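Take a look at the letters that make up each chain.
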Amino acid sequence: MASSTQLKSDAIMEQMKLHMSTDAGKQLTKKIGLVYQINIAPKKLGFNEKSYVVDLKKGEVKEGAYEDGKPDATFSFTDDDFVKVATGKMNPQIAFMRGAMKIKGSISAAQKFTPDIFPKPSKM
C-alpha cells in the first residue's frame, strides 16, 4: 500500500540515483564506503514506510530494504523531515535531537550521513 503513496522524497532519491553515476557520486563511494537504509513515512514514523537503500560501497540507490546482511546505519524520517535534511534545510544532528530522525546501527557510520551526500537540488 505504501508504494502507491507519492512522496516528495521519491524525487530526491531519483536525483540521487543519477548523482551516483557522476564523478561526484563516484567520489562519495570512495570517501564514505557505507550502506544506509532510509525508511521514509508519509506522515508518522513507523507507518506505511517506504525503504530505500543508499549503497555508498557499490554506488547505487534502490527502493526496498537492504538484503545483503545489515546496513551500516538505518534512518527513519517522515517525508517532510527527510526533504529538509536532504536539501540542507535541517541539520541531521538537530533532526536527531528533536526526534525527527531515528537511527539504528553504527553511530560512527551515521555521523557520515550529511546533506553533502545528496546532489544539490536544481529546482524542486
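Residues numbered from 1 in each chain as written. Predicted model: local features only at pLDDT ≥ 70, side-chain atom pairs only at ≥ 80, totals over all residues. Heavy atoms only, no water.

Caption draft 1: Spatial organisation of the pairing of strand S4 (residues 73-78). Burial analysis of S4 places six of its six residues in the buried class, which makes it a mostly covered element. Residue alternation in S4 divides its side chains into two sets, Ala73, Phe75 and Phe77 and Thr74, Ser76 and Thr78, and both sets are buried. Pairing between strand S1 (residues 35-41) and S4: six bridges, direction parallel. If you follow tyrosine 36 over to S4, its bridge partner there is alanine 73. In this structure, S4 lies alongside strand S5 (residues 101-105), joined through five bridges in antiparallel fashion. What sits directly across from phenylalanine 77, in S5, is methionine 101. (Buried < 20%, exposed > 50% of the residue type's maximum accessible area, 1.4 Å probe, protein only. Helix = DSSP H or I, 4+ residues; strand = E, 2+ residues; numbered from the N terminus. Pairing = 2+ DSSP bridges.)

Caption draft 2: Spatial organisation of the pattern of salt bridges. Enumeration over the complete set of coordinates arrives at six salt bridges. Here lysine 17 ties to glutamate 14 by a salt bridge, and the two come within 3.1 Å at their closest N and O atoms. You can see lysine 17 and its partner glutamate 14 sitting in helix H1 (residues 8-20), three residues apart, about one turn around the helix. Glutamate 14 gets classed as partly exposed once you look at its relative accessible area, which sits at 45%. Between lysine 62 and glutamate 60 there is a salt bridge whose closest N-O contact spans 3.3 Å. (Salt bridge = Lys/Arg side-chain N within 4 Å of Asp/Glu carboxyl O.)

Caption draft 3: Spatial organisation of unusual backbone geometry. Positive phi is not limited to glycine here, since asparagine 48 has a value of about 50°. Mapped onto the fold, asparagine 48 is located in the loop between S1 and strand S2 (50-55).

Caption draft 4: Spatial organisation of the packing of aromatic side chains. Tallied over the full model, the rule gives eight aromatic pairs. An angle of 25° between the planes, with centres 4.1 Å apart, marks the rings of phenylalanine 75 and phenylalanine 113 as stacked. Highlighted residues: phenylalanine 75 in strand S4 and phenylalanine 113 in the segment after helix H5 (107-111), separated in sequence by 38 residues. (Phe/Tyr/Trp six-rings, centres within 6.5 Å; stacked < 30°, edge-to-face > 60°.)

Caption draft 5: Geometry of the sheet that holds S2. Strand order in the open sheet formed by five strands is S3-S2-S1-S4-S5, and the pairing between neighbours is mixed. Strands with a single pairing partner mark the edges of an open sheet, and in this sheet they are strand S3 (60-63) and S5. The sheet shows a mean angle of 20° between the axes of neighbouring strands, taken without regard to direction. Relative to the sheet, H1 contacts S1, S2 and S3, its axis offset from that of S3 by approximately 145°. Running at roughly 115° to S4, helix H3 (residues 79-86) makes contact with S1 and S4 of the sheet. (Axes fitted to C-alpha atoms, helices over the stretch in contact; angles between N-to-C directions. Contact = heavy atoms within 4.5 Å.)

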